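Inside the fold
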Amino acid sequence: MKKLVIATFMAATLAGCASSGNQQLKNETETSVQSKIQEGKTTKAEVKTIFGSPDGVSYTDGGNEIWKYSFAKVKVNGTSFIPFYGLFHNGTNGTKKELTILFKNDTVQKYTMAESALNTKSGWAD
């Protein structure tokens with residue numbers, strides 16, 4: 001019986017975590033990105049070597065290219081696993097990182113790195 005309880009707890013813990021997006025951003029911070037990208041110097045090829053292919057590409061009215069990268073790590077709230085109570089109070093929390101780079105010709109003109117908290121509630125009472 002003890003092994004069953006431990007196995008159930010481990011399965012619930014592992015099933016409660018998920019990550020998506022660009023895995024290269026997983027351990028990045030504003031400071032670490034600042035050491036890798038220099039405005040006016042870093043090229044598209046160098047960015048692609050560091051972070052891989054962008055998640056999205058768009059263009060400004062002036063024809064400049066914008067690359068976007070994102071990474072999210074989400075964990076299911078523990079209350080979601082409580083019988084009956086979890087129907088009324090459940091959700092997720094985690095963090096999201098976004099890197100947006102504006103290129104002029106072939107070099108980085110500007111970039112932003114942002115990290116924000118994610119919190120969703122999806123229970124009947126939330």
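Higher on the page you've got the structure.
All of the points below concern the structure found in this document.

Okay, the overall build of the chain next. For the chain, the helix and strand inventory stands at four helices and five strands. Counting helices and strands in the order they occur from the N terminus, the chain gives α-β-α-α-β-β-α-β-β. By the burial criterion, 25% of the 126 residues in the chain qualify as buried. Working note: accessible area of the chain is about 8,500 Å², and carbon and sulfur atoms make up 57% of it.

Those residues of helix α3 (residues 44-51) lying buried are K44, V47 and F51. The arc that holds every buried residue of α3, seen down its axis, measures 60 degrees, which confines them to one face. Pointing more than 90 degrees away from the buried face of α3 are the exposed residues A45 and T49.

Within the secondary structure, Q23 is located in the loop between β1 (17-21) and α2 (30-36). Between the C-alpha atoms of Q23 and A72, which are 49 residues apart in sequence, the distance is 9.1 Å.

All right, on to the side chain of E65 then. For E65, the location among the structural elements is in strand β3 (residues 65-76). Reaching out from E65, the side chain makes a polar contact with the side chain of K44 at a distance of 2.5 Å. In this structure, E65 is in contact with K44, V57, S58, Y59, I101, L102 and F103, ignoring residues within four places of it in sequence.

Turning to unusual backbone geometry, a few remarks are in order. Its identity as a non-glycine residue notwithstanding, N105 has a phi of 60 degrees, on the positive side. For N105, a relative accessible area of 68% translates into the label exposed.

Moving on, we come to the packing of aromatic side chains. Under the criterion given, the structure shown has two aromatic pairs. Taken together, a centroid distance of 4.7 Å and an interplanar angle of 65 degrees make the contact between W67 and F103 edge-to-face. Of this pair, W67 sits in strand β3 while F103 sits in strand β4 (residues 91-104), placing them 36 residues apart in sequence. Across the pair, F103 and W67 agree in class, each one buried. In this arrangement the basic side chain of K44 is found over the ring face of F103, its NZ or CZ atom lying 5.8 Å from the centre.

Counting through the fold element by element, T92 comes out in strand β4. Separated by 27 residues in the primary sequence, T92 and N119 place their C-alpha atoms 5.8 Å from one another.

All right, on to the pairing of β3 then. As a general feature of sheets, a regular strand has side chains that alternate between the two faces. Here strand β2 (residues 56-59) runs beside β3; their pairing, made up of four bridges, is antiparallel. Counted as the bridge partner of V57 is W67 from β3. Between the end of β2 and the start of β3, which pair antiparallel, lie five residues, with G63 showing a positive phi angle near 90 degrees. Relative to β4, β3 runs antiparallel, the two being bridged by 12 bridges. Residue W67 lies in a different strand from β4, and its bridge partner there is I101.

So, how was this worked out
Residues numbered from 1 in each chain as written. Predicted model: local features only at pLDDT ≥ 70, side-chain atom pairs only at ≥ 80, totals over all residues. Heavy atoms only, no water. Helix = DSSP H or I, 4+ residues; strand = E, 2+ residues; numbered from the N terminus. Buried < 20%, exposed > 50% of the residue type's maximum accessible area, 1.4 Å probe, protein only. Areas by Shrake-Rupley, 256 points an atom, 1.4 Å probe, with all protein chains shown as cover. Arc of directions from axis to C-beta. Polar contact = N/O pair within 3.5 Å; in protein donor to acceptor, adjacent residues only side chain to side chain. Contact = heavy atoms within 4.5 Å. Phe/Tyr/Trp six-rings, centres within 6.5 Å; stacked < 30°, edge-to-face > 60°. Lys NZ or Arg CZ within 6 Å of the ring centre and 35° of its normal. Pairing = 2+ DSSP bridges.

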